[in-house]
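# Chains, contacts and geometry: an overview
Spelled out from the first residue to the last, the chains are:
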Amino acid sequence: MTRLRTKITVSLFFILASALLFPFSRRKGDEESEEVQFLKVASLNGPSSIPVAYLYENAAVLDRAPVEFQQYASPVTELPKLLDGEADIGFLPPNIAAKAYNSSNHALVMLGISGNGNLYLLSDDPALSSIGGLAGKTVAVAGQGATPEYVFRYLTEGMDVASDYSVQTAELAAALVSGKIHYALVPEPFATVATSKSASVRRSLDIQKLYGEKQGGGSYPMTVMVCRADFARKYPGTVQKFLNSYKKATDWTVSHPKEAGALVEKHTLGLKADVAAAAVPNANFVWIPARKGRDSMEKLLSLFLSFAPESVGGVLPDDGFYY
């Protein structure tokens, strides 16, 4: 009898441990707890929506339920919809996703990295060829309080470089072309716009390459896909089918930039067709599942922690953040 109780106790321990370690797992053949009425996907107007355009055009039906797409101008307007349950899946900058997880009782989980670094140091200075060449210069930086600022601060730490945040991101290309500014750190598609409008403005420094050299390899995420944690638990099959569709959309976009650009303009996702198409080769679209992308995510978030801990909620997200 004692031996039987021991076996039962051990069995219960492993069952409970499995439930705690793998909260999103599901046995093969299990059914979703309820039928999904709509999968509500929130996208951000701009470069992160370029792969999403394929899904707009090829509307997926997952588990007999249609996908309802929503468009938002910024993460500030999108995030409340995710937290309130008005959207199920969305796209956010890495630090905002981490902070939302840390400050909302783990309401959101990260599904994966949808876009890696796409920052470039643009300049009309033909002599600029290394990060050291920025010493004594003033650089207009897009994205104060976001990834561009902290990656740039990391790369220029200890250098005499001034950062200027007075020029709005959307105005940086025009400011470079007009000669109002001479050095700017910008993401895609703004880098493409600036270099296409002036023969003297060029991509002087590839920030991804410099970051990888300093980190000993790898890149950093610019955009991550997130999901409401309760939705992911309730409908893991639906989530996986959407992820499969999104990976297909990303692969197609990278291989068909011109066609992707046309779809972006058709579905009014914030960019003209020619700009979106030209930006694709440098936009660094990827699909990296959360667990595989954890290392690069934590390296980037550690930079945020070192410069502005409050920007990620004060700590690195724990295991539960990575779907």
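See the structure above.
Now for a quick tour of the structure. Keep in mind the model is a prediction, meaning the values are calculated, not measured. (Residues numbered from 1 in each chain as written. Predicted model: local features only at pLDDT ≥ 70, side-chain atom pairs only at ≥ 80, totals over all residues. Heavy atoms only, no water.)

### Thoughts on the sheet that holds strand β10 (residues 202-206)
Test applied: Being paired, for any two strands, means DSSP has found at least two bridges between them. Runs of H or I in DSSP of at least four residues are treated as helices and runs of E of at least two as strands, each being numbered from the N terminus. To obtain each axis, a line is fitted to C-alpha atoms, and for helices this fit is confined to the stretch in contact; angles are then taken between N-to-C directions over 0 to 180 degrees.
Pairing is mixed across the open sheet formed by five strands, whose spatial order is β8-β7-β9-β6-β10. Two strands close off the open sheet at either side, each with one partner strand: β8 (162-164) and β10. Between one strand and the next, the sheet's axes are offset by a mean angle of 35 degrees, whatever the strand orientation. Bridge analysis of strand β7 (residues 138-141) against β8 gives three bridges, and the strand direction is parallel.

### Comments concerning the environment of Asn95
As a reminder, the rule being used: When accessible area is computed with a 1.4 Å probe and restricted to protein chains, residues below 20% of their type maximum are described as buried, those above 50% as exposed, and intermediate ones as partly exposed. Contacts are assigned to residue pairs that have any heavy atoms within 4.5 Å of one another.
Turning to its location among the elements, Asn95 is positioned in helix α4 (residues 94-103). Residue Asn95 is classed as buried on the basis of its relative accessible area, which comes to 6%. Ignoring any residue separated from it by four or fewer positions in sequence, one finds Asn95 in contact with Gly145, Leu301, Phe304, Ser311 and Val312.

### Observations regarding the layout of surface pockets
Under the convention used in this document: Here a cavity denotes grid points, spaced 1 Å and computed from the protein atoms alone, that fit a 1.4 Å probe unable to get out, and a pocket denotes an open set having protein on both sides within 12 Å along at least 5 of 7 lines; residues with an atom within 4 Å of a point are the lining. Grid points are joined across faces, edges and corners, and a volume is the space filled by probe spheres set on the points. Three classes are used: nonpolar for Ala, Val, Leu, Ile, Met, Phe, Trp, Tyr, Cys and Pro, charged for Asp, Glu, Lys and Arg, and polar for all others, with Gly counted as polar.
Computed from the structure, the largest pocket encloses a volume of approximately 1,000 Å³. Around the largest pocket, the lining comprises 46 residues; the ones closest to its centre are Pro47, Thr169, Pro187, Phe190 and Met222. Those elements giving two or more residues to the lining of the largest pocket turn out to be α3 (75-83), α4, β5 (108-116), α5 (147-155), α6 (172-178), α7 (190-197), β11 (221-228) and α12 (273-283). Residue composition of the lining of the largest pocket, by class: 28 nonpolar, 16 polar and two charged.

### Comments concerning unusual backbone geometry
Following Glu188, the chain continues into Pro189 via a peptide bond in cis, with omega recorded as 5 degrees. Here the phi dihedral of Asn105 falls at roughly 60 degrees; this positive angle occurs in a residue that is not glycine. Within the secondary structure, Asn105 is located in the loop between α4 and β5. Take Asn105: its relative accessible area is 73%, and that puts it in the exposed class. One non-glycine residue with positive phi stands out, namely Thr268, at about 50 degrees.

### Regarding the packing of aromatic side chains
By convention here, two paired aromatic rings are described through the distance between centres and the angle between planes. Worth spelling out the cut-off: Two rings from Phe, Tyr or Trp (for Trp, the six-membered ring) form a pair when their centres sit within 6.5 Å of each other. Planes less than 30 degrees apart are called stacked, planes more than 60 degrees apart edge-to-face, and all others tilted. Charges are assigned to positions over rings by a cutoff of 6 Å between ring centre and Lys NZ or Arg CZ, combined with an angular limit of 35 degrees from the ring normal.
Here the structure, examined in full by the defined rule, presents 11 aromatic pairs. Here the aromatic residues Phe91, Tyr246 and Trp287 are joined through ring pairs into a cluster of three or more. Residue placement shows Arg203 over the ring face of Tyr120; its charged tip is 4.5 Å from the ring centre.

### Quick notes on α5
Because each turn of an α-helix spans 3.6 residues, side chains separated by three or four positions in sequence point in the same direction. The element α5 is extensively covered by neighbouring structure, given that eight of its nine residues are classed as buried. Restricting attention to buried positions, one finds in α5 the residues Thr147, Pro148, Glu149, Tyr150, Val151, Phe152, Tyr154 and Leu155.

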